[in-house]
Amino acid sequence: WELATCDRNTLLFVGRFDAIKGADVLIRAFRRLIDQKPELKLVFVGPDYGLPNPDGQLIHLRDFVGSFADPDLERALSYRGRLDATEIIKLRPSALVTIVASRRETQCYVALEAMLQGCPLVCTDTTGLSELIEHDVNGVKARSEDPEDLAKQVQRLIDDPELAARLGRGGREYVLKNHAPGA
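Read on for an overview of the structure. From a predicted model like this one, the values you see are computed outputs, not experimental measurements. (Residues numbered from 1 in each chain as written. Predicted model: local features only at pLDDT ≥ 70, side-chain atom pairs only at ≥ 80, totals over all residues. Heavy atoms only, no water.)

Here the focus is the pattern of salt bridges. Under the defined criterion, the tally for this structure stands at 12 salt bridges. Measuring nitrogen to oxygen at the nearest pair gives 3.0 Å for the salt bridge that ties Arg156 to Asp136. With Arg156 in helix H7 (residues 147–159) and Asp136 in the loop between helix H6 (129–132) and strand E8 (140–142), this pair connects stretches of sequence that are 20 residues apart. You can call Asp136 partly exposed: its relative accessible area is 25%. Connected through shared salt-bridge partners, Asp24, Arg28, Arg103 and Glu145 make up one network. (Salt bridge = Lys/Arg side-chain N within 4 Å of Asp/Glu carboxyl O. Helix = DSSP H or I, 4+ residues; strand = E, 2+ residues; numbered from the N terminus. Buried < 20%, exposed > 50% of the residue type's maximum accessible area, 1.4 Å probe, protein only.)

This is the structure we're talking about:
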């Protein structure tokens, strides 16, 4: 990842569209972000397992996004579905920020893989992730299940790309020191 070559209007999410990965929180946060910066794009990579609605029926990504009746939101979302690891490795450096919105995690490979590539990371302060991320050192933490705070933390990196670059470097250093085979 390099600040000079990333698209400063692109955000990336790699994960499932389901409740555990916080996909609903992500979409709500992104909706707030495009109100402030309409040119933003969200690239969503991962399978669509659906979110249970109050009746227990599953609602899928396109229907969930459509429920906001917001053409700007629909235009700004690029759903790529499931991609293999080599495609994701190529995709990560193109985004200014990688977002992990999970409600719970253990050893979050999505975060570690993004950090290894030096990608600026915004994640939720939840189990697993809170052990990997030191706020404002190797990433940024947002309160779990709080779309407003998630949007605020992402906006910080949009507004301060030099901070994003510093956090990306910090994330890479952390992974190389603590998660390399030798460590």
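Further notes follow.
The description of two helices packed together rests on the angle between their axes and the distance between the axes. At their nearest, the axes of helix H5 (residues 109–116) and helix H8 (residues 161–178) sit 7 Å apart, and the two run at 110 degrees to each other. As far as their axial angle goes, H8 and H5 are roughly perpendicular. Here the hand of the crossing between H5 and H8 comes out left-handed. On H8, the residues that touch Leu112, Met115 and Leu116 of H5 are Gly168, Gly171, Arg172, Tyr174, Val175 and Leu176. Of the residues contributing to the contact of H5 with H8, the split by class is 6 nonpolar, 2 polar and 1 charged. (Axes fitted to C-alpha atoms, helices over the stretch in contact; angles between N-to-C directions. Parallel < 35°, antiparallel > 145°, perpendicular 65-115°, else oblique. Left-handed = near helix turned anticlockwise from the far one by under 90°. Contact = heavy atoms within 4.5 Å. Nonpolar A, V, L, I, M, F, W, Y, C, P; charged D, E, K, R; others polar.)

Considering all chains together, one arrives at 5 aromatic pairs under this definition. Their ring planes at 55 degrees and their centres at 5.9 Å tell us that Phe17 and Phe64 sit as a pair that is tilted. Residue Phe17 is located in the loop between strand E1 (7–14) and helix H1 (23–36), and its partner Phe64 is located in helix H2 (residues 61–66); the two are separated by 47 residues in the primary sequence. The two residues Phe17 and Phe64 agree in class, both being buried. Taken together, the aromatic side chains of Phe13, Phe17, Phe44, Phe64, Phe68 and Tyr79 make up a single cluster linked through ring pairs. (Phe/Tyr/Trp six-rings, centres within 6.5 Å; stacked < 30°, edge-to-face > 60°.)

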